[in-house]
Structure formats: structure tokens, C-alpha cells
Amino acid sequence: AMLFFFTSVLNPMSAFAVETATSQAAAPTQQSLLIQSPSTTEPQQEEVPVVEEAWNLVNKYYIDRTFNNQNWDDVKTKALEEAKKSNFDNDQSMKIVNNMIKSLDDRYTRVLDAQQYAAIQKFDLIGVGVTLMPNAQKDIIVGSPPIEGSASAKAGLKVGDFVTAVNGQPTRGRNAFDIIDQISEDPNAKTVTFSILRKTAKPSLDSLGDENSAQSFDVTMERQTMKVKDPVEYRISERRKDGTIVGYVRITEFNSLVNSSLQKALQELKREGANAYVLDLRFNTGGAFQSAVEIAGMFLRDRVATYVVDSNQVELPFRTPKMQDLAVEPDKPMVIFLDEMSASASEVLASSLHDNCRAVTMGNLSFGKGKIQAVYGLKNGAGLILTVAKYITPNGDEIQGKGIKPDVELSMVPIYVPVFGTADTSKIDFKDVSRRLDPKSCQVPPDRVTATAADSAITL
């Protein structure tokens, strides 16, 4: 499993959520990750066949509870009978898993081989390749096998290990956002240290109180996020005669470096005198969901960035922090460029800033990717992507299949991937933008629900 988290109001999940924006014809498959909820069960037992392991994940977390109008128990029986004929051979078992997943007839739900699963590491915000999740007692544990070849695998972390501290700071009583924020305080750190408590014997009456039934140790691991390409480009695009200085920022994807890189870009543009901003999300097909939420927090205090809706139609709000320094002053006008390839996390960020009266959208209708996938690691090193939820905007609008209609349609905004340095911001009337964002013209929507995203499972 990998990255992201939801609270217990959603179906319990471990892994990270991915929203794949794939066009009908082409195949730009950026992953858009999300936050998943803590599991209320113990990690998979080693003796469970991979066919049953995959079936269990679908049974617990898949959003369509009819399973494409199938009797899911019958599917399990037939799959296990077929796997048993080959003595649960791994290759044959994975073929059975593939057929089982294909029977759901969901273009976004699919199986990843070990190489594909490892490739998703570029969205790993911590960079050590292991899923952390709260157990039933809300202790943080290793929830799935480490990615093969990752720092956590080399360190020997195992499913069920208790992570009692991260960089010396106890994890008890903390949630996923707390841990992510802690690491983000030093985004360029090359290592991270976990304090591990590992049971060395199966629980029994004889082992109660036995100090030898568990061992504790620290592991310091090298973070692997430094190999990811910087997704942020920026410059002063205009210095107008009326004193408007336009800071232009392009985000190409929401990967593990986007938050720190965008912070630096905004600081530099501010230092150069920018007093109006353009955030270019054209051809950005997605990335880490929580990065989109955290970026919204650079511009908004204590606002709902988006709602996530699970298979039981429970809405969970993801809010921006109450207390933090904003990267851009609230009175500075901001525009977001969108096109047909702006999808998933891009649409989360755009709708968050738009609906909360912080930015005006311009360009073309966005892609319309509002389904949320979670990525789960299987014990054989493969992965499973499942559709587990959907998101809706702060205004209560669904994005899936509809997209975001821009406030201002601009034919000058090309639908092809923009070449940095050629983006034209001269047609933007920032006085009109300011009028549109004024409280007299734009009303922030009331909260739909009051619960917040707290207890979380995370993949690091």
C-alpha cells in the first residue's frame, strides 16, 4: 500500500488514494492521491492467498457495493477454486486477480505489477516506501509490506511493526496530517527516523508482561523524494503601467516536491514585488490529493477545501489549517488557468480556491475526474488500485464527468501543453478579477457537514 488517508467516518482503508485522469483516446495517467481512513482490523495474515487478499480489499473498500451486479461471495469461491488447481502459483493467481478485477468493469480499478507499483513512489510525500496506518487502538503501525527496493524494505520494516515516534516525536494521539506536516517542516531532509516496537512472540497468556516478547529500536532511512522532478516553474510575466506586477506560476503535477517548491516560488515572486497572481494548471492531470489540499491552505485559512464522499454517502470535509501564515495576501487577485487536461488534484485545488472566493478560473472546461482511487500493496509486491470514493466541491458540485466550467472562457489559453515562458497573461483584467472576488459579488458557501478529517492512514 502506499499513500493517503481518511478518517473513520469513511469505510476503513489503508493505502494512498489515487485519482487517475485518463482521456478516452490518449493515456495521460497521472495519479491523484488521497487520504484514507484507518483500518479497524489487523494486517493481512501471511497465510492468506493473494487471490483472497485482493478479494478482501475489494469487498471492504470498493465504492460500488453491487460489485457490478455480481454476487461477490460467488466470485471469491470460484476464484479460490481456480487458484487451488495451480497450488496457488503466483503467476496464475495474479491472472485470476486480474480477471476478478476486470469483472467490476471499472476503468479506474486495476492491478499493478510490482514494477508499476514501485513507480508510484514519485507521489510518496515522505519517501521511504511504506504505509503507516492507525490500528483499532489508534496506534500507528506498518500496514502493508514495504515497497521492494525502498528504504523501508532495506531497513527490514515488517507489517504490524508499531511506529512509536517519527524523528523522535511520539506518534501516539497524532493523525496523518500531523506526521506529514512534521516532515514537511524540513522538506529537504535526506533522512527520516522511525522508532519501532516489534512483537517477537505471538500474544499468549504466557507472554503477558514478558519484556522479551517485544523489541524496540530506531531505523534511520534515506528519503527518496529527491529524485522527483521539480513540478513548479515561475516568473514575473508582466510589469504593467498601472503598477500591476503579475507573478506567474505553473504546476505540472502534484508530486512529493510540489508543496515546498511552490512555497519557494511564491516567496520569490513576492520578493520581486508581485501583487497579482496566475496559477497555471493546464495539462496538469493530477497527483497527490493531500498536496492539493495543503496548497489550498497556502491561500485559505480554516475553509473547506473539498468534501470526500464514501460508498455509504458519508461526506467528509477536508479543511485548510486555522492558524498559518498565508503565502499570498488575501487581497491580492488570483487567476487559475484550466484546460481539458486539468484533472483530479488540479480540479480539487481549482474548485477549492474558486468556491471559497479566492481565485477566478479562466480557460477551458476541465477534464472532470472526480472519482477517488486508493492504492493497496499486496504481499507479493504487486498493487491494487480501487475506486473507493468521490469528491465534491465546497459548493456541493460533483466534478466527475462534468468538469469545472471556467468563469471566463479564454480562447487564448491553448489546450496543448504550454511552453514555459510563452504563457500570455496580458489579457487578464485584474480589476475585474478583484471585483469578482469581492464579498459583495462572491459568497463563501456554508459548511455542509461539521466533521473533520483527523484519524488517518498514511503511506510514507
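The preceding data block contains the structure.
Parameters at a glance
- Residues numbered from 1 in each chain as written.
- Predicted model: local features only at pLDDT ≥ 70, side-chain atom pairs only at ≥ 80, totals over all residues.
- Heavy atoms only, no water.
- Pairing = 2+ DSSP bridges.
- Helix = DSSP H or I, 4+ residues; strand = E, 2+ residues; numbered from the N terminus.
- Buried < 20%, exposed > 50% of the residue type's maximum accessible area, 1.4 Å probe, protein only.
- Lys, Arg positive; Asp, Glu negative; His and termini not counted.
- Salt bridge = Lys/Arg side-chain N within 4 Å of Asp/Glu carboxyl O.
- Polar contact = N/O pair within 3.5 Å; in protein donor to acceptor, adjacent residues only side chain to side chain.
- Contact = heavy atoms within 4.5 Å.
- Axes fitted to C-alpha atoms, helices over the stretch in contact; angles between N-to-C directions.
- Parallel < 35°, antiparallel > 145°, perpendicular 65-115°, else oblique.
- Left-handed = near helix turned anticlockwise from the far one by under 90°.
- Nonpolar A, V, L, I, M, F, W, Y, C, P; charged D, E, K, R; others polar.
- Disulfide = S-S within 2.5 Å.

## Things to note about the pairing of strand β14 (residues 315-319)
Bridge count for strand β13 (residues 304-309) against β14 is 5 bridges, and the pairing is antiparallel. Bridge pairing links Val308 to Leu316 in β14. Between the antiparallel neighbours β13 and β14 lie 5 residues, among them Gln313 with a positive phi of about 65°.

## Concerning the side chain of Asp355
Among the structural elements, Asp355 can be located in helix α9 (residues 345-355). Despite its burial, Asp355 pairs with no opposite charge, the nearest such side chain being Arg448 at 9.3 Å. For Asp355, the side chain forms a polar contact with the main-chain nitrogen of Asn395, separated by 2.9 Å. Leaving out residues up to four positions away in the same chain, Asp355 has contacts with Thr393, Pro394, Asn395, Gln443, Val444 and Pro445.

## Some words on the packing of helix α1 (residues 50-61) against helix α2 (residues 72-85)
Across the interface, α1 lies against α2 with an axial gap of 10 Å and an inter-helix angle of 170°. Of the possible angle classes, the one that applies to α1 and α2 is roughly antiparallel. Like other packed secondary-structure pairs, α1 and α2 cross with a definite hand, here right-handed. Contacts between α1 and α2 pair Val51, Glu52, Trp55, Val58 and Asn59 from the former with Trp72, Asp73, Lys76, Ala79, Leu80 and Ala83 from the latter. Across the contact of α1 with α2, the residue classes break down as 7 nonpolar, 1 polar and 3 charged.

## Description of the state of the cysteines
Going through the model one piece at a time under the given rule, you end up with 1 disulfide. Between the sulfur atoms of Cys357 and its disulfide mate Cys442 the distance is 2.0 Å. Between Cys357 and Cys442 the disulfide shows an S-S torsion of about -85°. By sign, it is left-handed. You can see Cys357 sitting in the loop between α9 and β16 (360-363) and its partner Cys442 sitting in the loop between α10 (430-437) and β20 (458-459), a full 85 residues away along the chain. The pair Cys357 / Cys442 is uniform in exposure class, with both members buried.

## A look at the sheet that holds strand β11 (residues 245-251)
Spatially, 6 strands are ordered β10-β11-β12-β15-β16-β19 in an open sheet, and the strand pairing comes out mixed. Each edge of the open sheet carries a strand with a single partner, namely β10 (232-239) and β19 (408-409). Pairing of β16 with β19 involves 2 bridges; the strand directions are parallel. In the sheet register, Gly363 faces β19, and the bridge partner there is Glu409. The strands touched by helix α7 (residues 258-271) within the sheet are β10, β11 and β12 (276-280), with β10 carrying the most contacts at an inclination of about 20°.

## Some words on the pattern of salt bridges
Here the structure, examined in full by the defined rule, presents 15 salt bridges. The closest approach of N and O atoms between Glu329 and Lys270, which form a salt bridge, is 3.2 Å. In this pair, Glu329 sits in the loop between β14 and β15 (334-338) while Lys270 sits in helix α7, placing the two residues 59 residues apart along the sequence. Look at Lys270 and you get partly exposed, because its relative accessible area is 39%. One continuous salt-bridge network, built from bridges that share partners, spans Asp302, Arg319 and Asp447.

## A closer look at the packing of α2 against helix α3 (residues 90-102)
In the contact formed by α2 and α3, the axes pass within 10 Å of each other and the chain directions differ by 160°. Between α2 and α3, the angle is such that the two are roughly antiparallel. The hand of the α2/α3 crossing is right-handed. For the pair α2 and α3, the contacting residues are Trp72, Val75, Ala79, Glu82 and Ala83 in the first and Gln92, Ser93, Ile96 and Met100 in the second. A class-by-class count of the residues in the contact of α2 with α3 yields 6 nonpolar, 2 polar and 1 charged.

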